[in-house]
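The chain contents come next:
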Amino acid sequence: MTSAPVELPRNVGELRAAGYVPRSIKAEIRDNLLTELRAGRDPWPGIVGFSRTVIPQLERALLAGHDVVLLGERGQGKTRLLRTLVGLLDEWTPVIEGAELPEHPLDPITPASKRRAAELGDELPVAWLHRSLRYAEKLATPDTSVGDLIGDVDPVKVAEGRSLGDPETIHFGLVPRAHRGIVAINELPDLAERIQVALLNVMEERDIQVRGYTLRLPLDVLLVATANPEDYTNRGRIITPLKDRFGAEVRTHYPLDIDAEVEVVRQESHLTAEVGEPLLEVLARFVRHLRESNAIDQRSGVSARFAVAAAETVAAAALRRSAITGEEPAVARPVDLEAVPAVLRGKLEFEPGEEGRETELLEYLLRRSVADTARERFAGLDLTPLANAVADGHLVTTGERIPGRDVLAALPELPVLHDVAARAGVEPNDSPGRIAAAVELALEALYLSKRLAKDADDDTTVYGV
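Residues numbered from 1 in each chain as written. Predicted model: local features only at pLDDT ≥ 70, side-chain atom pairs only at ≥ 80, totals over all residues. Heavy atoms only, no water.

## Focus on the packing of aromatic side chains
One pair of aromatic rings is described through two measures. These are the centre distance and the angle between the planes.
Consideration 1: Tallied over the full model, the rule gives 2 aromatic pairs.
Consideration 2: Ring geometry for Phe286 against Phe306: centres 6.0 Å apart, planes inclined by 55°, an arrangement best described as tilted. Here the residue Phe286 occupies a position in helix α13 (residues 277–292), and Phe306 occupies one in helix α14 (residues 304–325), the gap between them amounting to 20 residues.
Consideration 3: For Phe286, a relative accessible area of 1% puts it in the buried group.
Consideration 4: Over the aromatic face of Tyr254 sits the side chain of Arg291, whose NZ or CZ is 3.8 Å from the ring centroid. (Phe/Tyr/Trp six-rings, centres within 6.5 Å; stacked < 30°, edge-to-face > 60°. Helix = DSSP H or I, 4+ residues; strand = E, 2+ residues; numbered from the N terminus. Buried < 20%, exposed > 50% of the residue type's maximum accessible area, 1.4 Å probe, protein only. Lys NZ or Arg CZ within 6 Å of the ring centre and 35° of its normal.)

Below you can see the structure in the form of structure tokens.
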């Protein structure tokens, strides 16, 4: 991480002279959010599909100074959204150099820091903390303890000679160490209820209690959390007093349209081969069909990570096929979609009674997604010349061992092929693999519309039999 700029004040005297005034974390976020909004900048880089729904609600909550819980099914980008809150903090903030907690030099809260401030006065040294270090994240697990979140007695400090009743024997937990920052707790209902109770004082009185110590630390934190709606009734729940202390509950959702779904996949996936826009649309529609299927357990949801993993699987299939055929560059074609159901079946929760039908269901919904995408891409385009050419004996064979140039060589020169390529976003002089990907999508569309027969064995698919 880049060190703090050298021109920043290095002691309390310089800090006062520079006009620094302590601000609460919520005031800091409010001021910076308003600055971004007034300047017309997007405070939420990388967040897709929430601009008219989730984001306005979250912004209102932050402007009101509320702690927030994001409620939504898995894979809706809740954690990513919380992590972008870091961008609303000041890039650098002053802290007391050498203090155990990130205390403001003009507003110390621990006994040790108050003592140092009284002794050193304007010479109290100041360090500068980058905003990336002011965000603390904890995944709630059943074994999380009060000591993890709040703190506990440190036996090492007791062994050094301090009295057991001395507040300075406390080893602070995650929440105090995030003083003047953001604390994010993922899957909050998974915290045991007795652990959730420990957060009540933090959220209401803004202080902590450790094993009955008469210690009051006026903590300054923004507490944010995520939860799955199903957790309220099954795996756990947010206890009523804690839920009441959150000022805002914001409901998240999956992308509302195909374009947003594709953008999420494109943004989040790490593709080892080229996957064109039409195939990403197929996968986006596939995920949406899964979310609407009665055979899938919708209480657990169909994560956006499923679509991302599907795109990466298709890219991997294309890369493998490229290695086998020697065709470069590696470009995904519809034939590579066949890898998705078998590889990703385990990422879904099926309803009882669907045992043994999982792969059949996924293959059906995938074919439906191909048909929907082809219908959208080729709307108004007459594919009859292509269908007639194949029916007249120009059989087209495709598969993982068939390079794109062989697919194209099986067809006569047809003007409609240029139109097909253009509709798929492919240039006429593009690589054979890219053009073949568009042609295969058109052939599959003809097959699914019953205008073309198809035969297949384990290795190849033949159109026109």
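## Details of the domain arrangement of the chain
Consideration 1: Considered domain by domain, the chain is made up of domain 1 (12–251) and domain 2 (258–464).
Consideration 2: Here the C-alpha centroids of domain 1 and domain 2 sit 46 Å apart.
Consideration 3: When the two sides are added together, the surface that domain 1 and domain 2 hide from each other amounts to roughly 910 Å², 45% of it contributed by carbon and sulfur.
Consideration 4: Counting across the domain 1 and domain 2 interface gives 1 salt bridge.
Consideration 5: Between Glu268 and Arg80 there is a salt bridge, with the nearest N and O atoms lying 2.7 Å from each other.
Consideration 6: The tally of links from domain 1 across to domain 2 stands at 5 residue pairs in polar contact (both at pLDDT 80 or more).
Consideration 7: Residue composition of the side of domain 1 that touches domain 2, by class: 1 nonpolar, 4 polar and 4 charged. (Domains from an automatic or database assignment. Buried area = accessible area lost by both parts, 1.4 Å probe. Salt bridge = Lys/Arg side-chain N within 4 Å of Asp/Glu carboxyl O. Polar contact = N/O pair within 3.5 Å; in protein donor to acceptor, adjacent residues only side chain to side chain. Nonpolar A, V, L, I, M, F, W, Y, C, P; charged D, E, K, R; others polar.)

## A few points about the packing of helix α16 (residues 358–377) against helix α20 (residues 432–448)
Consideration 1: Contact geometry for α16 and α20: axes closest at 9 Å, N-to-C directions at 110°. Between α16 and α20, the interaxial angle falls into the category roughly perpendicular. Note on packing geometry: the crossing formed by α16 with α20 is left-handed. On α20, the residues touching Arg367, Val370, Ala371 and Ala374 of α16 are Leu441, Glu444, Ala445 and Leu448. (Axes fitted to C-alpha atoms, helices over the stretch in contact; angles between N-to-C directions. Parallel < 35°, antiparallel > 145°, perpendicular 65-115°, else oblique. Left-handed = near helix turned anticlockwise from the far one by under 90°. Contact = heavy atoms within 4.5 Å.)

## Some points on the sheet that holds strand β12 (residues 460–463)
Consideration 1: With respect to topology, 3 strands assemble into an open sheet ordered β10-β12-β11, the strand pairing being antiparallel. On the outer flanks of this sheet lie β10 (396–399) and β11 (454–456), each paired with one strand and no other. Taken over all neighbouring pairs, the strand axes of this sheet differ in orientation by 20° on average, direction set aside.
Consideration 2: With 4 bridges joining them, β10 and β12 adopt antiparallel strand pairing. When the sheet's bridge partners are listed, Thr398 is paired in β12 with Thr461.
Consideration 3: Lying on the sheet, α20 is in contact with β10, β11 and β12; it crosses β12 at an angle near 65°. (Pairing = 2+ DSSP bridges.)

## Things to note about the pattern of salt bridges
Consideration 1: Under the counting rule described, the total for this entry stands at 27 salt bridges.
Consideration 2: A salt bridge links Asp122 to Arg16, with the nearest nitrogen and oxygen atoms 2.8 Å apart. Pair noted here: Asp122 is in the loop between α5 (111–120) and β3 (126–130) and Arg16 is in helix α1 (residues 12–17), with a separation of 106 residues, a long-range link.
Consideration 3: Using a relative accessible area of 41% as the deciding quantity, one classes Asp122 as partly exposed.
Consideration 4: Through salt bridges with shared partners, a single ionic network connects Arg321, Glu327, Arg333, Asp336 and Glu440.

## What to know about the environment of Lys78
Consideration 1: Following the sequence through the fold, Lys78 ends up in helix α4 (residues 78–83).
Consideration 2: Counting along the chain gives 307 residues from Lys78 to Pro385, while the straight-line C-alpha distance between them is 49 Å.
Consideration 3: Excluding residues within four positions of it along the chain, Lys78 makes contact with Leu70, Leu71, Gly72, Glu73, Thr226, Ala227 and Thr252.
Consideration 4: In terms of polar contacts, Lys78 uses its side chain to reach the backbone carbonyl oxygen of Gly72, at 3.1 Å.

## Things to note about the pairing of strand β9 (residues 248–251)
Consideration 1: Going residue by residue along β9, you find Ala248 and Val250 tucked away on one face and Glu249 and Arg251 left uncovered on the opposite face.
Consideration 2: Here strand β1 (residues 68–71) runs beside β9; their pairing, made up of 4 bridges, is parallel. What sits directly across from Leu70, in β9, is Val250.

## Things to note about the packing of helix α19 (residues 415–423) against α20
Consideration 1: Where α19 contacts α20, the axes come no closer than 9 Å and their chain directions differ by 105°. By the angle between their axes, α19 is roughly perpendicular relative to α20. Each of Leu417, Val420 and Ala421 in α19 lies in contact with α20, whose residues at this interface are Ala438, Val439 and Ala442.
Consideration 2: Broken down by class, the residue content of the contact of α19 with α20 amounts to 6 nonpolar, no polar and no charged.

## A closer look at the side chain of Glu103
Consideration 1: Tracing the chain through its elements places Glu103 in the loop between β2 (92–96) and α5.
Consideration 2: No salt bridge is formed by the buried Glu103; the nearest opposite charge belongs to Arg116, separated by 7.5 Å.
Consideration 3: Non-local contacts of Glu103, meaning those with residues more than four positions away in its chain, are made with Pro94, Val95, Ile96, Pro108, Ile109, Thr110, Ser113, His179 and Arg180. (Lys, Arg positive; Asp, Glu negative; His and termini not counted.)

## With respect to the nonpolar core
Consideration 1: Counting residues in each nonpolar core, the largest one holds 66 residues, and the members touching the most others are Leu290 and Leu386.
Consideration 2: When residues of this core are traced back to their parent elements, those giving at least two are α12 (258–268), α13, α14, α15 (339–344), α16, α17 (384–391), α19 and α20.
Consideration 3: Considering every element that reaches this core, the biggest residue donor is α20, with 9 residues.
Consideration 4: Beyond its immediate sequence surroundings of up to four residues, Leu386 is in contact with Leu411, Leu414, Val416, Leu417, Ala442, Leu443 and Leu446. (Core = buried A, V, L, I, M, F, W, Y, C linked by side-chain atoms within 4.5 Å.)

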